[in-house]
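Notes for the structure review
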Amino acid sequence: MQNNQDKTMKDWVDRRRYAAGYTGQPFNSDEVDGEYQRDRARIIHSASFRRLQSKTQIFSIGDSDFYRTRLTHSLEVAQIGSGICEQLRQQYKGNAEYSTWIPSLSLIEAICLGHDLGHPPFGHGGEVALNAFMHGYGGFEGNGQTLRIIGRLGEYSPEHGLDLTRRTMLGLLKYPVLHGEAANYVATAQGASSNIEYARPPKCIHDDEADILDWILAPLPEADRARFRETRPVEGKHAKSLYKGFDTSIMELADDIAYGVHDLEDALALELVTERQWKALVMTQAQALSGCPLYEQADFYNSKLFSGSDRDRKHAVSKLVGYFIGNITISEQTGFVSPLLRLQAEMQPEARALLDILKKFVFDEVIRRPQIQALEFKGQQMIVRLFSTLLENPERLLPAAHLAQLRHGTEPRRVICDYIASMTDVYATRLYNRLFSPDIGSVFDRL
């Protein structure tokens, strides 16, 4: 029995480059966690992770020195993810199976730190711009690009990217379906229109990474693999993937909490929402939720969040985060044998409802405001022009490393897509100005 469990665990610490096969010898939890510590280190020291410091979370780089970037967001998701796992470990310390499969701190931190590696410059606007060129060539989607980086492009292996363990890669697999399996574009480009919303991608991985997906899922029973990749068709829209792994469910809850609470903190600090909006759009809905801390301690939260003091605001935000973490439990979804798919972290309904209220408030009152949308649109149009120009002039304008890939037979659009997706907001802006601003550009310029 122990050997069977050891083999199951060993399957998930294999790496594509260094998979050595199972010897039948038992190994201890420290050896397993050492592999996940290596994953975390590789992510932290990767170029893709460092570039997140200059990629948009919500607000454009340079607007303020307070708000979050993709890098600080990823750090916060890792901290929240660690808190969730610690809380689950305490809650289920008498349940042997649950305790065995709750990810270690090294593992969940690796997954949370790496979850945004593939996001392109200028946020989701940049994602749509890249997919406008790629939807007929395997697609582009930020989470799909994350898998491409960790499995193919990263710097730790010539052929296998960051060469992370199989379980870490499974945890980063938010949408285990290929672009071609989910895509349903109901409109196409109309001439030279600047509106490219038709190219909003499905939540998926790129068709080019089908082999990586097969490797990640290889240890699972065949029935589990098939069910895990199922999609649900949506009339007039892209199909949606139905399932995620246990570790992914923890990471996504941490991501949602960071988005709903910490991005709200940015909006409050920059005075983009008012107390009147807060009371009308959040507090009135919170009143209907049983045991809701926002309603039961309304005076505390209203005074702290809108006091103008960073210390007061942080006190309220931290208390909210603790409330959400404390309301996460483990459930089981039917139809799976493997614990890594059968087990799921989920938030209790009342807490989930409150988090959804906060996320909608941030989306409606901050992200959708015209000033933010104008910045996203500008970045989107910059990427469209950069992509077109590089596609038409690759020999003149592509860096040597990317030009070499093109000459070795890689699809030109994928080469250019990888190049642009790796750019920070700052780099993309400088390259744009260098190519298209008449008074900017010198042979001595460094991007």
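What counts and what doesn't
- Residues numbered from 1 in each chain as written.
- Predicted model: local features only at pLDDT ≥ 70, side-chain atom pairs only at ≥ 80, totals over all residues.
- Heavy atoms only, no water.
- Core = buried A, V, L, I, M, F, W, Y, C linked by side-chain atoms within 4.5 Å.
- Buried < 20%, exposed > 50% of the residue type's maximum accessible area, 1.4 Å probe, protein only.
- Helix = DSSP H or I, 4+ residues; strand = E, 2+ residues; numbered from the N terminus.
- Contact = heavy atoms within 4.5 Å.
- Phe/Tyr/Trp six-rings, centres within 6.5 Å; stacked < 30°, edge-to-face > 60°.
- Lys NZ or Arg CZ within 6 Å of the ring centre and 35° of its normal.
- Pairing = 2+ DSSP bridges.
- Salt bridge = Lys/Arg side-chain N within 4 Å of Asp/Glu carboxyl O.
- 1 Å grid on protein atoms, 1.4 Å probe; cavity = no way out; pocket = protein on both sides within 12 Å on 5 of 7 lines; lining within 4 Å.
- Points joined across faces, edges and corners; volume = space filled by probe spheres on them.
- Nonpolar A, V, L, I, M, F, W, Y, C, P; charged D, E, K, R; others polar.

Topic: the nonpolar core
Ranked by internal contacts, the top residues of the largest apolar core, which has 93 residues, are Ile-84, Ile-257, Trp-278, Leu-294, Phe-324, Leu-354 and Leu-358. Counting residues per element, this core draws most heavily on helix α13 (residues 246-269), at 12 residues. The contact partners of Leu-354, leaving out residues within four places of it in the chain, are Ala-286, Leu-289, Cys-292, Pro-293, Leu-294, Leu-320, Tyr-323 and Phe-324. With 29 residues, the next largest nonpolar core counts Met-382, Leu-403, Cys-417 and Met-423 among its residues.

Here's the deal with the side chain of Asp-11
You can see Asp-11 is positioned in helix α1 (residues 2-13). The class of Asp-11 is buried, set by a relative accessible area of 17%. The residues contacting Asp-11, other than those within four sequence positions of it, are Arg-166 and Pro-219.

Topic: the packing of aromatic side chains
Within the structure shown, the criterion is met by 9 aromatic pairs. Each ring, one from Phe-133 and one from Phe-387, has its centre 4.2 Å from the other, and the planes form 5°; the classification is stacked. With Phe-133 in helix α7 (residues 123-134) and Phe-387 in helix α20 (residues 370-392), this pair connects stretches of sequence that are 254 residues apart. In this structure an aromatic cluster arises from ring pairing among Trp-278, Phe-306 and Phe-361. Of note, Arg-227 hangs over the ring of Phe-336, and the distance from its end group to the ring centre comes to 5.7 Å. Taking the ring centre of Phe-436 as reference, the NZ or CZ of Arg-385 above it sits at 3.8 Å.

Points about the pairing of strand β1 (residues 231-234)
The side chains of a regular strand alternate, residue by residue, between the two faces of the sheet. Pairing between β1 and strand β2 (residues 237-241): 3 bridges, direction antiparallel. Within β2, the residue paired with Val-234 across the bridge is Lys-237. Connecting β1 to the antiparallel partner β2 that follows it, the hairpin turn spans 2 residues, and Gly-236 within it adopts a positive phi of roughly 75°.

Details of the pattern of salt bridges
Oppositely charged side chains can form a pair if their charged atoms are brought close together. In the structure shown here, the tally under the stated rule is 31 salt bridges. A salt bridge links Arg-166 to Asp-14; the nearest nitrogen and oxygen atoms lie 3.7 Å apart. Separated by 152 residues along the polypeptide, Arg-166 in helix α9 (residues 166-171) and Asp-14 in the loop between α1 and α2 (29-44) bring together distant segments of the chain. For the residue pair Arg-166 and Asp-14, the accessibility class agrees, reading buried in each case. Residues Glu-197 and Arg-200 are paired through a salt bridge, measuring 2.4 Å at the closest nitrogen-oxygen approach.

Focus on the layout of surface pockets
By volume, the second largest pocket is sized at about 540 Å³. If you trace the second largest pocket, you find 26 residues lining it, with Arg-51, Leu-153, His-402, Asp-418 and Ser-422 closest to the centre. Mapped onto the lining of the second largest pocket, the elements with two or more residues apiece are α3 (47-51), α8 (142-153), α22 (400-407) and α23 (412-421). Considering only residue class, the lining of the second largest pocket consists of 9 nonpolar, 10 polar and 7 charged.

Treat this as a map of the structure, not an account of what it does.
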